[in-house]
Amino acid sequence: SPKARRFFWKDHWIEVNEILDRWYQARPDPEWPLANYFKVAGDDGRQYLLKHDQESNEWFMGREW
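Residues numbered from 1 in each chain as written. Predicted model: local features only at pLDDT ≥ 70, side-chain atom pairs only at ≥ 80, totals over all residues. Heavy atoms only, no water.

A. Quick peek at the overall build of the chain. Scanning the chain from N- to C-terminus turns up 0 helices and 5 strands. Projected onto its principal axes, the C-alpha coordinates of the chain cover approximately 35 × 25 × 20 Å. Here the chain, with 65 residues, has 26% of them falling under the buried criterion. Pairs at least 24 apart in sequence give 20% of the contacts found in the chain among residues at least 6 apart. (Helix = DSSP H or I, 4+ residues; strand = E, 2+ residues; numbered from the N terminus. Buried < 20%, exposed > 50% of the residue type's maximum accessible area, 1.4 Å probe, protein only. Contact = heavy atoms within 4.5 Å.)

B. View of the packing of aromatic side chains. Under the criterion given, the structure shown has 4 aromatic pairs. Between the aromatic rings of phenylalanine 7 and tyrosine 48, the centroid separation amounts to 5.1 Å while the plane-to-plane angle is 75°, which identifies the pairing as edge-to-face. With phenylalanine 7 in strand β1 (residues 6–9) and tyrosine 48 in strand β4 (residues 47–53), the pair connects residues that are 41 residues apart, well separated along the chain. On the basis of relative accessibility, which here comes to 12%, the residue phenylalanine 7 falls in the buried class. Between phenylalanine 8 and tryptophan 13, the ring centres sit 5.2 Å apart and the planes meet at 65°, which makes this aromatic pair edge-to-face. For phenylalanine 8, a relative accessible area of 49% puts it in the partly exposed group. Residue placement shows arginine 63 over the ring face of tryptophan 65; its charged tip is 4.4 Å from the ring centre. (Phe/Tyr/Trp six-rings, centres within 6.5 Å; stacked < 30°, edge-to-face > 60°. Lys NZ or Arg CZ within 6 Å of the ring centre and 35° of its normal.)

Encoded structure:
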C-alpha cells in the first residue's frame, strides 16, 4: 500500500491528496540553503507550498491558498 503523506498545520492533520509540482534549490547559498519545494493539494480542498530544508532536515510552510 502507498505510504501516507500528511502534515500538521493549524492544530490538525492534513492529508496530501496530490503533489501538484516539485522543484529544487540546488545551489548552496547562505540566504537560500539546499531545499526541496512541494506544491500539494490537501484533503481540505486547499493548496500548500511546503519546503524541506535538506541541510537541517526541517519542514516549513511557505504558503497556503
